[in-house]
Amino acid sequence: KQLVSIAAQRYDSFLAAIINNGSLPINVKILSWNYDFQFEKAYSEYTTNNSSLESLQIALKVFPSKMNDFNYEPKNFCIYKINGTTSFKTQENEIVNPTDDIAMNSGKFMNLIPLIYDRAVNQKSLLPTLQFAWEKSSLSQKTIETAKADIAKTEILVVIGYSFPFFNREVDKQLLASMKPKKVYFQAPTQEVKNYPSRYLAVSGHKTEFIEIDDLSQFYLPAEL
């Protein structure tokens, strides 16, 4: 049995919809507050080098990650993990993934856990790269600043299942202040989605066109895309 074999269906469907002739759209930028590898797992089905986490993150332009530095190219698809990612960094600031093979056998991965634990807890030679943005670590701040520059010309914003919680308010203000979208789509369950526009407005101050989407079967793709 493999440790990782199938990504969450909505990630797979999303990538299947936007990939064109093997390429990802340069006008799509993703800000994620998650720190998992769902996008990497889903993308592994669409590339020949399909099990190397390192290669997948390079292709997806994941920030922060082991190989992608912060010299981003505006004409690239990018994924910014605002709260970091499930990895570690050494005292020399080198990022180390918990595994470099997302299709690794589960038994082999379980054998790695004690080694990682020993380095992180006993030897103190590894520090988590998973750090909440509001903690203002140097890594998260660098990710946020890079993202802000990249999303400055955003015209259409799609907010998927994000409720603008109070503890992220300062970070959200920074990100939203860097863009002034002409239209904002909010995707969430029926009873929740009605609260999203007012929360967005309170944080951003942007008065624009709001559209509520309560169909959760797939990640929403706007017609403008």
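Above: the structure in question.
The rules behind these values
- Residues numbered from 1 in each chain as written.
- Predicted model: local features only at pLDDT ≥ 70, side-chain atom pairs only at ≥ 80, totals over all residues.
- Heavy atoms only, no water.
- Pairing = 2+ DSSP bridges.
- Helix = DSSP H or I, 4+ residues; strand = E, 2+ residues; numbered from the N terminus.
- Axes fitted to C-alpha atoms, helices over the stretch in contact; angles between N-to-C directions.
- Contact = heavy atoms within 4.5 Å.
- Core = buried A, V, L, I, M, F, W, Y, C linked by side-chain atoms within 4.5 Å.
- Buried < 20%, exposed > 50% of the residue type's maximum accessible area, 1.4 Å probe, protein only.
- Arc of directions from axis to C-beta.
- Expected span 1.5 Å × (residues − 1).
- Salt bridge = Lys/Arg side-chain N within 4 Å of Asp/Glu carboxyl O.

We now examine the sheet that holds strand E8 (residues 183–187). Taking strand neighbours across the sheet as the criterion, the three strands line up as E7-E8-E9 in an open arrangement whose pairing is parallel. With partners counted over all chains shown, the strands left at the sheet margins are strand E7 (156–160) and strand E9 (209–213), one partner each. Strand-to-strand twist across the sheet, computed as the mean angle between neighbouring axes with direction ignored, equals 20°. Judged from the five bridges that link them, E8 and E9 form a sheet pairing that is parallel. Within E9, the position partnered with Tyr 185 by the bridge is Ile 211.

Looking now at the environment of Ile 144. For Ile 144, the position within the fold is in helix H5 (residues 138–150). Dropping the residues within four chain positions of it, Ile 144 is found in contact with Ile 82, Ala 133, Val 171, Gln 174 and Leu 175.

The subject of this paragraph is the nonpolar core. For soluble globular proteins, nonpolar side chains are generally found buried alongside one another. Core analysis: the largest hydrophobic core is formed by 26 residues, its most contacted members being Ile 82, Val 159, Phe 164, Leu 175 and Phe 186. Those residues within four positions of Phe 164 in sequence are excluded, and the remaining contacts are Val 159, Asp 172, Leu 176, Phe 186, Tyr 196, Arg 199, Tyr 200 and Val 203. Among the nonpolar cores identified, the runner-up in size contains 20 residues, and Tyr 11, Phe 37, Leu 53 and Leu 56 belong to it.

Glancing now at helix H3 (residues 53–60). Every buried residue of H3 is listed here: Leu 53, Leu 56, Gln 57 and Leu 60. All buried residues of H3 project into a common sector of 95° when viewed along the axis, lining one side. Contacts from the buried residues of H3 go to helix H2 (38–43), strand E2 (62–63) and strand E3 (78–81). Just downstream of H3 lies Lys 61, where phi reads positive at about 55°.

Okay, helix H4 (residues 106–122) next. Along its 17 residues, H4 runs 24 Å from first to last C-alpha, staying within 8% of the 24 Å computed at 1.5 Å per residue. Positive backbone phi, at 55°, marks Lys 124, one or two positions downstream of H4.

The next point concerns the environment of Ala 188. Residue placement: Ala 188 occurs in the loop between E8 and helix H7 (190–193). Residues Ala 188 and Ile 213 lie 25 residues apart in sequence; the distance between their C-alpha atoms is 6.6 Å. If we skip the residues at most four places from it in the chain, Ala 188 touches Val 193, Tyr 196, Ile 213, Asp 214 and Leu 216.

One pass over the full model with this rule turns up six salt bridges. The closest approach of N and O atoms between Lys 148 and Glu 145, which form a salt bridge, is 3.3 Å. Placement of both Lys 148 and Glu 145 in helix H5 is noted, with a separation of three residues, approximately one turn of the helix. Here Glu 212 ties to Lys 194 by a salt bridge, and the two come within 4.0 Å at their closest N and O atoms. A residue pair is termed long-range when its members are at least 10 positions apart, and Glu 212 in strand E9 and Lys 194 in the loop between H7 and helix H8 (196–204) qualify at 18 residues. The exposure class assigned to Lys 194 is exposed, which follows from its relative accessible area of 54%.

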